[in-house]
Amino acid sequence: MKYAVICTDKPGSLHIRTDTRPDHVAYLKSCGVVEQAGPFLDSEGKMCGSLVIIEVDDLDAANAWAANDPYAKAGLFADVRIEAWNKVIG
C-alpha cells in the first residue's frame, strides 16, 4: 500500500535539515520503498518540510520507516503525518 509521509520542520531548524540531508537522501535511495520525495518550500524558497511517498505493507511499516529517517532521528520535525494514499494520475 502507498503512504504519504508529510512532515513539517520545527521553526529555525534549517541547519538540522542541511546538516542531515546527505544521510536522509542516502536513506531514501537505499531503502527500496520510496516512490517520490521532495521538500516543501517556504515563501523565501527555503526547505521547511518533506513529502515522501512510500510503498510498504501496512501503516506499522510506514511508521517504522518514518521513525528511521535520519531527519526524524535528528529531531527535525515538529509534526509528522502518515496517510494512506491512492495514486490516480501520474
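In this text the structure is predicted, and so the values were computed from the model without any measurement.

**Brief notes about the environment of Ala 61**
Piece 1. One can find Ala 61 in helix H2 (residues 59-68).
Piece 2. Ala 61 gets classed as partly exposed once you look at its relative accessible area, which sits at 27%.
Piece 3. Sequence spacing of Ala 61 and Ala 84 is 23 residues, and the spatial spacing of their C-alpha atoms is 12 Å.

**Description of the pattern of salt bridges**
Piece 1. Evaluated as defined, the whole model comprises five salt bridges.
Piece 2. Among the salt bridges present, the one from Glu 35 reaches Lys 2, with a minimum N-O distance of 2.9 Å. Here the residue Glu 35 occupies a position in strand S2 (residues 34-41), and Lys 2 occupies one in strand S1 (residues 2-9), the gap between them amounting to 33 residues.
Piece 3. Taking the relative accessible area as the measure of exposure, Glu 35 reaches 38% and is therefore partly exposed.
Piece 4. Here Arg 17 ties to Asp 9 by a salt bridge, and the two come within 2.7 Å at their closest N and O atoms.
Piece 5. Its relative accessible area of 9% is what places Asp 9 among the buried residues.
Piece 6. Bridged by salt links that share partners, the residues Lys 2, Glu 35 and Glu 55 form one connected network.

What counts and what doesn't
- Residues numbered from 1 in each chain as written.
- Predicted model: local features only at pLDDT ≥ 70, side-chain atom pairs only at ≥ 80, totals over all residues.
- Heavy atoms only, no water.
- Helix = DSSP H or I, 4+ residues; strand = E, 2+ residues; numbered from the N terminus.
- Buried < 20%, exposed > 50% of the residue type's maximum accessible area, 1.4 Å probe, protein only.
- Salt bridge = Lys/Arg side-chain N within 4 Å of Asp/Glu carboxyl O.

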